[in-house]
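# Residue-level structural notes
Chain by chain, the residues:
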Amino acid sequence: MEFTLPKALENGEYLLLGEHIGIHENHPIMTAEDTIEMSHPPLFVIEPTSHHTYTFIFLHGLGSNGETFGQELLETGICSDGRRLTDIFPGARFIFPTAKRRRSNAFGRAKLTQWFNVASLENPWRRPSTQIKGLSESSKGIFNLINEEALKIPRGNIIIGGLSHGCAMALSCLLAFDSPLGGFIGMSGWLPFHFTKLSNPTSNTTSITTPVYLGHGDADEKIKYSFGETASTTLESIGYEVTWKVYEAQGHWYKVPDEIDDIVDFVRNRVGWELGDI
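What follows concerns the environment of Ile 160. Looking at the element boundaries, Ile 160 is found in strand β8 (residues 158-163). In this structure Ile 160 comes out as buried when scored by relative accessible area, which is 0%. Ile 160 sits 65 residues away from Ile 95 along the chain, and the two C-alpha atoms are 9.5 Å apart. Those residues in contact with Ile 160 that lie beyond four places of it in its chain are Ile 57, Ile 142, Ile 146, Ala 170, Phe 177, Leu 181, Gly 183, Phe 184 and Ile 185.

Relative to the helices and strands, Gly 162 is located in strand β8. Taking relative accessible area as the criterion, Gly 162 reaches 0% and is therefore assigned buried. Here the alpha-carbon distance between Gly 162 and Phe 69, two residues 93 residues apart in the chain, equals 9.8 Å. Among residues more than four places away in sequence, those in contact with Gly 162 are Phe 58, Leu 59, Cys 167, Ala 170, Ile 185, Gly 186 and Met 187.

With that settled, consider unusual backbone geometry. Note the cis peptide between Val 256 and Pro 257, where omega equals 0°. In this fold, Pro 257 is placed in the loop between β12 (242-247) and α9 (258-271). At Ser 164, a position not held by glycine, the phi torsion is positive, near 60°. Relative to the assigned elements, Ser 164 resides in the loop between β8 and α7 (165-176). Positive phi, normally seen in glycine, also occurs at Ser 188, with a value near 55°. Relative to the helices and strands, Ser 188 is located in the loop between β9 (183-187) and β10 (194-195).

Turning next to the layout of surface pockets. Each pocket or cavity is described by its volume, and for the largest pocket that value is around 280 Å³. For the lining of the largest pocket, the leading source of residues is helix α4 (residues 66-76), giving three residues. Residues of the lining of the largest pocket, tallied by class, amount to nine nonpolar, six polar and two charged.

Quick notes on the rules
- Residues numbered from 1 in each chain as written.
- Predicted model: local features only at pLDDT ≥ 70, side-chain atom pairs only at ≥ 80, totals over all residues.
- Heavy atoms only, no water.
- Helix = DSSP H or I, 4+ residues; strand = E, 2+ residues; numbered from the N terminus.
- Buried < 20%, exposed > 50% of the residue type's maximum accessible area, 1.4 Å probe, protein only.
- Contact = heavy atoms within 4.5 Å.
- 1 Å grid on protein atoms, 1.4 Å probe; cavity = no way out; pocket = protein on both sides within 12 Å on 5 of 7 lines; lining within 4 Å.
- Points joined across faces, edges and corners; volume = space filled by probe spheres on them.
- Nonpolar A, V, L, I, M, F, W, Y, C, P; charged D, E, K, R; others polar.

Okay, here's the thing in C-alpha cells:
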C-alpha cells in the first residue's frame, strides 16, 4: 500500500492558532498516482555494509543539505562505546534528502534550502498559512521516497526523522501517513501545526502505532525545548507512544554521546531492530 493523505487532512482537521484551514482547498491532496509521477528530492545515500534490511530517512535543518547533515551525523554521532550508527546498523541504508530552495520569511525573504516557509523561529506557529505550500510539495517527494524504499523492504523496517526544521517536516509527514512505519526519530524540532485529532485513529488508517522518539536540549537557543515538549504532549494526546528526552545544557544540536545512546536504545527496544555485533 502506498502512502496517501488520510481523511483527517482531507477534512481540514489541522487546527492552526484556533483557525481551521482546509489544506485540500488550495493545495490538492496527494494520491497514489501523484507519488508515482513525483520524483523525490536529491539524495545523499550511505549504502549498507551488509544485506539491506533497514532504512533511515533523515531530513536536514534550515539552510543545510542532505550531504552536509548526513556526513556530520554519521561521523560525529558516536555512542558512548565509540561506535557510529553505521557500525551499529550495518544492514541499514541511510538516506538524507535535500530540500528545495525557497524564500524564507524568517530570514528577510532570502532563498534557503528549506522544506517549507517559516515566518519566525521564535514563534514557528506564526502565519501558518505560509507553511502549507512547502509542506504539501515536500511531503509528496518524501512520500515517494518512502514508497520506493517500501518496494525493497517492509514499511516496518523504515524509520523517518530529522533535525530542527527537518524534524518539523518529518512530523507533518508522520501525521499524514495512512499506515505505520517502523519508527520516528526527531531532534530539536517542533510540530508545525497544533494538530487536534485524527478521524477515528486506528492502526489500519493512520500511523498511530509508530513509536516516536523526540529529543531536545534545554539550552537550545534557536528552537525552545518547550516547542519539542509541546510536540511530544500533542502526539501523546492523539495516541502515539512517545519517548521524550531532555538534555541538560545542550544547545541546538544532538548531544553526543547521550542522545545517540538514547536513539540506539529506542531503535533496539521500542522499534525492535537488531543491532550489529560489537
